[in-house]
Amino acid sequence: MAQILAPSTQCQTRITKTSPFATPISSKMWSSLVMKQNKKVARSATFRAMAINSGTINRVEDLLNLDITPFTDSIIAEYIWIGGTGIDVRSKSRTISKPVEHPSELPKWNYDGSSTGQAPGEDTEVILYPQAIFKDPFRGGNNILVICDAYTTQGEPIPTNKRYKAAQIFRNPKVEAEIPWFGIEQEYTLLQTNVKWPLGWPVGGYPGPQGPYYCGAGADKSFGRDISDAHYKACLYAGINISGTNAEVMPGQWEYQVGPSVGTEAADHIWASRYILERITEQAGVVLSLDPKPIEGDWNGAGCHTNYSTKSMREDGGFEVIKKAILNLSLRHKVHMEAYGEGNERRLTGKHETASIDTFSWGIGKRGCSIRVGRETEKNGKGYLEDRRPASNMDPYVVTALLAESTLLWEPTLEAEALAAQKLALKV
Ligand code: ADP
Ligand code: MN
Ligand code: MN
Ligand code: MN
C-alpha cells in the first residue's frame, strides 16, 4: 500500500536534480504533498480497490489530481480554436513557463490546418492568436483554457475566424459608446453515445409527449442533470459569466445562459462554455449535439436566443430605441437568417415556440415571434429585446456582431423605414 501511495516519480526526478532547472524541494512542499496524498486515500479508496482487484495498480486518477504548483512555476495552457465546420472545437496543450493573467502574455501558436479542413492553399500552417483566458476546471491550479482565433502566416484572418470581424464592429466608436450587452441562452441535446438517440429515451422508441420535462425533476422526467450541473460549476470556476441553467421542453435537452456580457466577451464566453461542455460530456460518455432540430416531429428544437440591449435601450425612453432596432432587424431579416446557424429552417417552422423562417414578426411577451420584448421592458419603458431566431449551433461572434451592426451602424432608406413601420405597426 505504501508503495502505491508514494509520491509520483515527478518529485523524485526533481529531488535527484536530473533536470537542470530543478530546485530543491522544501519541507513545506513535502508536508503539503503528504497531506494531499493522505487525503486522497479516503477519496479514491473505491477506485483503487477496483483497480487492484482487476490486477492493475492504476494510479492515473492520482496523477490527474496531482497539484503541480508546489513543484514548478510552469502551467499548462489549453489553446482552443474553432475548426473547419465553424462549429467544432479543437484544442491542444502547451507548457507556459509561469502563470499568466492576460492573453497578451501568451505566445502565438500554430496548428496543421489540413487536418481540420482549414487549409485552402499549399501552406497548411494556421496561426493561433490567444484572445481570452479562463481557469481550467479540469486541470485546476494555475492552468488555463485559452480561446484563440486563427490567421494565415501572412496575418490574414482565415474564413472561419468570425471573431476578427466581430472585434472590428465592437471597436467601432459608435458601437463602443452604446456598450452593447448580450445574454445568450444556449440550448443543447444530450445523446446516447452508440445510438445517437437522446439521453433517457428508449432506444428505437419515444418517451411520453412533451409537457412534464421542462424544468422537471424525477427519474422519469429529467435526464442528464449531473452533466448540466457539473457544467454549471465548471463554468463558474473557469470565470465564465454563466447566469443560470434549466431543463428544456424536449427530454434530454438542456439550456444555460451566459451574460449579460459586453461586446466580443459574450461570444468568447459561449465558446469557452461549449468547450467545457464537450469535455464533460466526453468524460460522461454522452454525445453533445448542437443540432437545431435533433428529432423531427412534435419535439422542440434547440435554439440560442440572444438577448440584446444598448445603453440607450437601458435608459429612460429606451422602448422607442428598441422599436427602432426591431424595425431595422425586420428589414435585414434575410441577412440575419443566413447567418443564424446551419439547418435552422428545420427548427423555425412556426410551431414549438418559434416563428416561421420566412416572415419577420415581433411581439410583447409572445414566444412565437422572431423578436420578443418582455413585459418588464414594456412596463418600465426600457430594457432589452430577445432575438429568438438564432439556432443552437450559431456562431456567437456572427450573431452578436450582426445585431450590433444592423441596429447601430446600418441605416435603411427613409422609404423602406416608413413602409416597414406601417407593416409592423411600429411608430418610430
Ligand atoms: P427566457 O425567459 O427567454 O428563457 P432567460 O432567463 O433564459 O430568458 O435568459 C435571459 C437572458 O437575458 C439572461 O442571460 C440575462 O442575463 C439576459 N439579460 C438580462 N437583461 C439583459 C439586458 N438588459 N441586455 C441583454 N441581456 C440581458
Ligand atoms: Mn431561457
Ligand atoms: Mn429555452
Ligand atoms: Mn428565451
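On a predicted model such as this, the values are computed, not experimentally measured, just so you know.

Trainee: Would you mind showing me how to read the sheet that holds strand 4 (residues 125-135) here?
Mentor: Pairing between sheet strands relies on hydrogen bonds along the backbone, with the strands arranged either parallel or antiparallel. The strand order across the open sheet built from five strands is 2-1-5-4-3, with neighbouring strands paired in mixed fashion. A strand with exactly one partner marks an edge of an open sheet, and here the two such strands are strand 2 (89-96) and strand 3 (109-112). Sheet twist, expressed as the mean angle between neighbouring strand axes with direction ignored, is 40°. Bridging between strand 3 and strand 4 involves four bridges; their strand directions are antiparallel.

Trainee: Please clarify how the side chain of N307 should be interpreted in this entry.
Mentor: Here N307 shows up in strand 10 (residues 306-309). What N307 contacts, discounting residues up to four positions off in sequence, is W181, F182, G183, E185, Y384, L385 and E386.

Trainee: Teacher, can you tell me more about helix 9 (residues 264-284) here?
Mentor: The α-helix advances 3.6 residues per turn, and as a result positions three or four apart in sequence lie on the same side. Between its first and last C-alpha, helix 9 extends 30 Å over 21 residues, near the 30 Å set by a 1.5 Å rise per residue. Summarising burial for helix 9: 16 of the 21 residues are buried, a large majority. Once helix 9 finishes, G285 follows within two positions and takes phi at roughly 70°, a positive value.

Trainee: Help me out: how do you make sense of helix 15 (residues 396-409) in this one?
Mentor: Its 14 residues place the ends of helix 15 19 Å apart at the C-alpha level, agreeing with the 20 Å of an ideal helix rising 1.5 Å per residue. Helix 15 sits mainly inside the fold: eleven of its 14 residues count as buried. Buried within helix 15 we find P396, Y397, V399, T400, A401, L402, L403, A404, S406, T407 and L408.

The rules behind the values
- The residue count restarts for each chain, going from 1 along the sequence in the order it is written.
- Both sets of labels track the order of writing: A upward for chains, 1 upward for ligands.
- The model is predicted, so local features are restricted to residues of pLDDT at least 70 and side-chain atom pairs to those at 80 or more, both for listing and for counting; the totals for chains, interfaces and linings are taken over all residues.
- Note that water and hydrogens are dropped before the side-chain values are worked out from all heavy atoms of the structure.
- In this scheme, strands are said to pair when DSSP sees at least two bridges between them.
- Strands here are runs of E lasting at least two residues and helices are runs of H or I lasting at least four, both read from the DSSP assignment and numbered beginning at the N terminus.
- Each axis is a line fitted through C-alpha atoms, taken for helices only over the stretch in contact, and angles between the N-to-C directions span 0 to 180 degrees.
- Contacts are assigned to residue pairs with any non-hydrogen atoms lying within 4.5 Å of each other.
- By this rule, a helix spans an expected 1.5 Å times one less than how many residues it contains.
- We call a residue buried when its accessible area falls under 20% of the maximum for its residue type, exposed when it is over 50%, and partly exposed in between, using a 1.4 Å probe and counting protein chains only.

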